[in-house]
Amino acid sequence: GQQLNQSPQSMFIQEGEDVSMNCTSSSIFNTWLWYKQEPGEGPVLLIALYKAGELTSNGRLTAQFGITRKDSFLNISASIPSDVGIYFCAGFRGGNQGGKLIFGQGTELSVKP
Amino acid sequence: DAGITQSPRHKVTETGTPVTLRCHQTENHRYMYWYRQDPGHGLRLIHYSYGVKDTDKGEVSDGYSVSRSKTEDFLLTLESATSSQTSVYFCAISESITGQAGELFFGEGSRLTVL
């Protein structure tokens with residue numbers, strides 16, 4: 001089946017540091033998305049990318065849709081304690097019946113004050 | 001916040017018993033999904049619905065069935081629960097396949113433990 005390989009699996013960083021995580025796939029996707037999950041909650045959408053090569057920012061977050069349509073990365077600048085959580089990439093390929101969103105395994109981020 | 005309610009939020013059951021998880025939405029969104037979340041696997045799609053009475057399988061559908069008799073409700077049933085189905089189950093909804101493609105809104109999850 002389709003798989004997304006997300007790395008790293010976990011990160012332990014100091015407050016103020018920048019963070020980078022990425023996602024690769026053997027399949028092409030039409031849309032790449034990045035979600036964040038906090039403990040005890042469902043994932044929440046951070047950034048959506050719809051076009052190959054697209055670079056989008058949301059505050060301290062920046063994400064890019066790879067040119068090959070098989071990868072994406074997420075950067076977080078100047079991390080703060082509330083950035084703690086699990087970050088998921090997701091790839092979407094539409095279809096006649098709505099399509100499916102496939103998720104990566106997640107990157108667990110810990111930020112030390 | 002999107003109006004999505006999952007019930008029950010926590011359940012402990014025994015192997016072989018039937019279990020039904022309910023997802024209720026107040027957003028009138030067309031698409032509804034059931035995912036399971038397990039360490040090391042992220043979120044995996046079990047089943048999804050693209051309209052009332054219209055459902056399709058996801059990547060890990062074995063042992064699960066779904067039903068959608070109304071726009072607002074999507075039920076996930078484990079006919080005979082097994083320990084491998086111990087997981088956190090998330091319902092999600094989305095409005096449209098175009099424009100907002102892939103932008104799901106998730107419920108808070110249902111933690112199921114099968115002993």
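Our structure's up above, just so we're on the same page.
Just so you know, these numbers come straight off a predicted model, no measurement behind them. (Residues numbered from 1 in each chain as written. Chains lettered and ligands numbered in written order. Predicted model: local features only at pLDDT ≥ 70, side-chain atom pairs only at ≥ 80, totals over all residues. Heavy atoms only, no water.)

A.B. asks: I'd like a rundown of the pairing of strand 1 (residues 4–7) of chain B, residues and numbers included.
C.D. replies: Working note: regular strand, side chains alternate between the two faces of the sheet. All names here are of chain B. Side chains Ile4 and Gln6 project from strand 1 onto a buried face, and the interleaved Thr5 and Ser7 project onto a face without burial. Bridge count for strand 1 against strand 3 (residues 19–25) is four bridges, and the pairing is antiparallel. Along strand 3, the bridge assignment pairs Ser7 with Arg22. (Buried < 20%, exposed > 50% of the residue type's maximum accessible area, 1.4 Å probe, protein only. Helix = DSSP H or I, 4+ residues; strand = E, 2+ residues; numbered from the N terminus. Pairing = 2+ DSSP bridges.)

A.B. asks: Outline the pairing of strand 4 (residues 31–37) of chain A, listing residues and values.
C.D. replies: Residues and elements named next belong to chain A. Of all seven residues that make up strand 4, seven are buried, and the element is covered over most of its length. As defined by bridge partners, strand 4 adjoins strand 9 (residues 85–93) across seven bridges and the pair is classed as antiparallel. Of the residues in strand 9, the one forming a bridge with Tyr35 is Phe88. Across five bridges, the pairing between strand 4 and strand 5 (residues 44–49) is antiparallel. By the bridge assignment for strand 5, Trp32 is matched with Leu49. Hairpin connection between strand 4 and strand 5: a loop of six residues separates the two successive antiparallel strands, and Gly40 in this loop has a positive phi of roughly 75°.

A.B. asks: Explain the sheet that holds strand 1 of chain B residue by residue, including any values.
C.D. replies: Residue and element names in this part refer to chain B. With antiparallel pairing, the four strands of this open sheet are ordered in space as 1-3-8-7. Two strands close off the open sheet at either side, each with one partner strand: strand 1 and strand 7 (65–70). Averaged over all neighbouring strand pairs, the angle between strand axes comes to 15°, with direction disregarded. (Axes fitted to C-alpha atoms, helices over the stretch in contact; angles between N-to-C directions.)

A.B. asks: Quick one: what's the story with the state of the cysteines, residue by residue and with numbers?
C.D. replies: Residue and element names in this part refer to chain B. This model, assessed by the stated rule, comprises two disulfides over all chains. Between Cys23 and Cys91 runs a disulfide, and the two sulfur atoms are separated by 1.9 Å. In this structure, the disulfide formed by Cys23 and Cys91 twists by about -70° around the S-S bond and is classed as left-handed. One end of the pair, Cys23, is in strand 3; the other, Cys91, is in strand 9 (residues 87–94), and 68 residues separate them in sequence. Judged by relative accessible area, Cys23 falls into the buried class, the value being 0%. (Disulfide = S-S within 2.5 Å.)

A.B. asks: Could you give me a rundown of the pattern of salt bridges, with the residues and numbers involved?
C.D. replies: Where charged atoms of side chains with opposite charge meet at close range, the side chains can pair. Counted by the stated rule, this structure contains seven salt bridges over all chains. Where A:Asp83 meets A:Arg60, a salt bridge forms, and the shortest distance between an N and an O atom there is 2.8 Å. Of the two residues, A:Asp83 sits in the loop between strand 8 (71–76) and strand 9 while A:Arg60 sits in the loop between strand 6 (55–58) and strand 7 (61–65), which places them 23 residues apart along the sequence. For A:Asp83, a relative accessible area of 5% translates into the label buried. The shortest N-O distance in the salt bridge between B:Arg9 and B:Glu108 comes to 3.0 Å. With a gap of 99 residues between them, B:Arg9 in the loop between strand 1 and strand 2 (10–13) and B:Glu108 in the loop between strand 10 (105–106) and strand 11 (110–114) connect regions that are remote in the sequence. Among the charged side chains, a salt-bridge network with shared partners connects B:Arg22, B:Lys70 and B:Asp73. (Salt bridge = Lys/Arg side-chain N within 4 Å of Asp/Glu carboxyl O.)

A.B. asks: How would you explain the sheet that holds strand 3 (residues 19–25) of chain A if you had to name every residue and give the values?
C.D. replies: Residue and element names in this part refer to chain A. The sheet built from five strands is open, its strands ordered 1-3-8-7-6 with antiparallel pairing. Each edge of the open sheet is held by one strand with a lone partner, namely strand 1 (4–7) and strand 6. Taking the axes of each pair of neighbouring strands and ignoring which way they run, one obtains an average angle of 15° across the sheet.

A.B. asks: Can you explain the nonpolar core? Please cite residues and give values.
C.D. replies: Grouped together as the largest cluster of nonpolar side chains are 22 residues, with contacts concentrated most on A:Trp32, A:Trp34, A:Leu74 and A:Leu109. Contributing elements (two or more residues each) for this core: strand 2 (10–14), strand 3, strand 4, strand 5, strand 7, strand 8, strand 9 and strand 11 (107–112) of chain A. Ranked by size, the runner-up nonpolar core spans 20 residues in total, among them A:Leu33, A:Ala90, B:Tyr48 and B:Ala92. (Core = buried A, V, L, I, M, F, W, Y, C linked by side-chain atoms within 4.5 Å.)

A.B. asks: Any chance you could break down the environment of A:Ala48 for me, citing the residues and the numbers?
C.D. replies: Following the sequence through the fold, A:Ala48 ends up in strand 5. When the C-alpha atoms of A:Ala48 and A:Cys89 are compared, they prove to be 9.9 Å apart, with 41 residues separating the residues in sequence. Those residues within four positions of A:Ala48 in sequence are excluded, and the remaining contacts are A:Trp32, A:Leu33, A:Glu54, A:Thr56 and B:Glu103. (Contact = heavy atoms within 4.5 Å.)

These figures come from the coordinates and say nothing about function on their own.
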